[in-house]
Amino acid sequence: RVRAEPVDPSLCEREPIHIPGAIQPHAVLVAADVDSLAVVACSANVRDALDRDPLGLPLDTVLGAGLTGRIRDALQGEGVDPGRTVRERVMLSAGLPVDAMAHRNGERIVVELELAPAHPEDFRAASQLDMELAVGRLRGADSLEGAAQVAARETRALTGFDCVLVYRFDPDWNGAAIAEDKDPAWSRSLLGLHFPASDIPAQARALYTRSKSRFVIDRDYVPVPLVATPATANAPVDLTFAQSRSLSPIHLEYQRNLGVNGSMSVSILVEGRLWGLMIGHHRRPHYVAPETRAAATVLADAFAMRVYELESRRLWQEQQAHLALESELVRELARSDDFVSALTENTHTLLDLFDARGAATVSQDSVRCLGETPPADAIRAIAAWLRETLPADRTSYATAEFPAAHPPSAPFAACASGLLAVFVDPERRHLLLWFRPETPSTVTWGGDPRKPVLAGSGPVAVLPRRSFERWVEERRGTSEPFATWQVGIAEALAQAVEGVVLRQQRKISELTG
Ligand code: BLA
């Protein structure tokens, strides 16, 4: 695997983005103590929505008895899910309709009052029918690529962004844009590009696993600071679930470098793990109304469930096919006194397992090869190395970077970048091996992933890289990785082979005995 990190990734991970002490200016924030409902902090722009300074006042004198009562019912007491939100449109004292959103986070009730922007022409309301059609199309998509394409298209139709991307994380948290739907007039395309893990640092991924969406109307906004009562001033308000949370200035600089103004990211959670993001980009500022934002989150959830269905179906089918092949081979072994011929000379052979392009048996010193493998001498050397280096309690070995692990095998990288090997007997005389070729040979990154961080001046101490020009990396000596379940099947097969070896030994000792 490639580990593409900037000079010091911990720089990016250290920013406490859940307590920025500021919000975006289209909202007013009021935080109250969960038990007393006294206001303990608010944003400096409270006068945009309220006719008085609420600090220290009870919440009902600020929001009215009706909304406060519903907040109390939904969010006070035990067992309230963090982030659970009460949302309604209310008329406040200033006489303006505002979207009020309240949630609980620990000891705080956080209320956000959102004013519709002065130029609401970007607004698109999603109808129930739109949502039903969109979810139906996701259900109909029969491959991951197809479903991602549908998700990008439907999310863009819903939210009106110039471009919507489906971004998928790999096991090392690098990621790639696997689907894109965009305004054809925007020539920039990020489809297929890879990005290093540090572009979305660990604390951001942790926050995105808890809180499902982020929307920025205007990248160039001036953040509004929070002010607190003296008693609570050194307990900053946790904005993890606040929709108006001010985003990291480093990330806003990144958006500037990408040519993006209004933006969105919605978490795609599969089995509780952050699988990816639906990313929205707009060249100008872009407002999405609260109900449409909620709908975009529902759509991302529907996509996540389809991903889970498609992935588990694919995995199940692949495992079933392998189990069938393995039992076929075990049947051949049961009929045979010679495991090498049982595994290499019948209709099905070792080579049919694990998408390998080469396979081999090692029996004492004799080697039998199938498909594309290193020469027999090299395989004997590999067997000797495995016998020597693998700890006594390990019976198997799998790698997707074999040339790096065993430099003498580097000349055979083309056919042997991946290796799965299992010992048959405790004495390690016999082995089964599978080889995978070098692949893929190139990865196209959105910019050089090794040097994205620049030292900044002014308020931002580090800056993301400036260039997103395609940067092609030649990847050498890596293969597709072997899955854990594949190693399990290889070990089960090796056990069946051990039975044959033992039978063979008994026969020989009977004959010679
Ligand atoms: C956050 N980085 C993000 C987010 C995205 C990306 C989508 C989520 C925030 C949002 O909703 O916009 C990155 N955007 C991408 C990628 C693509 C894209 C990969 O469109 C590709 C298609 N970022 C850096 C570096 C640092 C960094 C070097 O590049 C740190 C030094 C930080 N990125 C950073 C931080 C956040 C972030 C701190 C969190 C922003 C927040 O939620 O406050």
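- Per an unreviewed UniProt entry, the protein chain is named Histidine kinase, and its organism is Methylobacterium indicum.
- According to the UniProt record, the Sequence similarities (unreviewed entry) comment for the protein chain is "In the N-terminal section; belongs to the phytochrome family."

## A closer look at the sheet that holds strand E4 (residues 85–91)
Then, number 1: An order of E1-E11-E3-E2-E6-E5-E4 is seen for the seven strands of this open sheet, with the pairing classed as antiparallel. The sheet terminates laterally at strand E1 (22–23) and E4, the two strands that pair on one side only.
Then, number 2: Where E4 meets strand E5 (residues 97–105), seven bridges bridge the pair, whose relative direction is antiparallel. Considered in E5, the bridge of Thr85 is made with His103.
Then, number 3: Lying on the sheet, helix H3 (residues 65–75) is in contact with E4, E5 and strand E6 (108–115); it crosses E4 at an angle near 175 degrees.

## Examining the pairing of strand E7 (residues 163–169)
Then, number 1: For E7, the buried fraction is high: five of the seven residues fall into the buried class.
Then, number 2: Bridge count for E7 against strand E8 (residues 175–182) is seven bridges, and the pairing is antiparallel. Looking at the pairing, Arg168 lines up with Ala176 of E8.
Then, number 3: Taken together, E7 and the strand that follows it, E8, pair antiparallel across an intervening segment of five residues, in which Trp173 is found at a positive phi of about 70 degrees.
Then, number 4: Taken together, the six bridges between E7 and strand E13 (residues 273–281) define a ladder with antiparallel strand orientation. Residue pairing for E13: Tyr167 is matched across the bridge by Leu277.

## As for the site of the ligand
Then, number 1: What surrounds the ligand is a group of 30 residues, the closest being Cys12, Phe195, Ser248, Ser265 and Pro464.
Then, number 2: Of all the elements in the fold, those that place two or more residues in the shell around the ligand are helix H1 (9–13), E7, E8, helix H7 (249–258), strand E12 (263–270) and E13.
Then, number 3: Looking at the shell around the ligand element by element, the count peaks at three residues for H7.
Then, number 4: For the shell around the ligand, the per-class residue count stands at 21 nonpolar, six polar and three charged.

## Observations concerning the confidence of the model for the protein chain
Then, number 1: The pLDDT averaged across the protein chain works out to 89; a share of 93% of its residues lies at or above 70.
Then, number 2: For the stretch residues 1–7, pLDDT sits under 50, and the model shows 16 contacts to residues farther than four places along the chain or on other chains.

## Topic: H3
Then, number 1: Here H3 has its buried residues at Thr68, Ile71 and Leu75. Mapping the buried residues of H3 onto a view down its axis gives an arc of 60 degrees, with all of them on the same face. Exposed and facing more than 90 degrees away from the buried side of H3 are Ala65, Gly66, Gly69 and Asp73.
Then, number 2: Where H3 is buried, its residues touch helix H2 (59–63), E4, E5 and E6.

## Thoughts on the packing of helix H4 (residues 128–140) against helix H8 (residues 290–334)
Then, number 1: Following both chains from N to C, one finds H4 and H8 inclined at 20 degrees, their axes separated by 9 Å at the closest point. Considering their axes alone, H4 and H8 lie roughly parallel with respect to each other. Considering the relative orientation of H4 and H8, their crossing is right-handed. Contacts between H4 and H8 pair Met131, Ala134, Val135, Leu138 and Arg139 from the former with Ala295, Val298, Leu299, Ala302, Phe303 and Arg306 from the latter.
Then, number 2: A class-by-class count of the residues in the contact of H4 with H8 yields nine nonpolar, no polar and two charged.

## Observations regarding unusual backbone geometry
Comment: phi is negative for the bulk of residues other than glycine, and the bulk of peptide bonds are trans.
Then, number 1: A positive phi angle is found at Glu271, which is not glycine, with a value near 55 degrees.
Then, number 2: Although it is not a glycine, Asp355 adopts a positive phi angle of roughly 50 degrees.
Then, number 3: Tracing the backbone shows Asp355 in the loop between helix H9 (339–344) and strand E14 (358–363).

Conventions and cut-offs
Residues numbered from 1 in each chain as written. Predicted model: local features only at pLDDT ≥ 70, side-chain atom pairs only at ≥ 80, totals over all residues. UniProt positions renumbered as here; feature names shortened; annotations may be inferred. Pairing = 2+ DSSP bridges. Helix = DSSP H or I, 4+ residues; strand = E, 2+ residues; numbered from the N terminus. Contact = placed C-beta atoms within 7 Å. Axes fitted to C-alpha atoms, helices over the stretch in contact; angles between N-to-C directions. Buried ≥ 20, exposed ≤ 12 C-beta atoms within 10 Å, placed from the backbone. Near = placed C-beta within 6 Å. Nonpolar A, V, L, I, M, F, W, Y, C, P; charged D, E, K, R; others polar. pLDDT = per-residue confidence, 0-100. Arc of directions from axis to C-beta. Parallel < 35°, antiparallel > 145°, perpendicular 65-115°, else oblique. Left-handed = near helix turned anticlockwise from the far one by under 90°.

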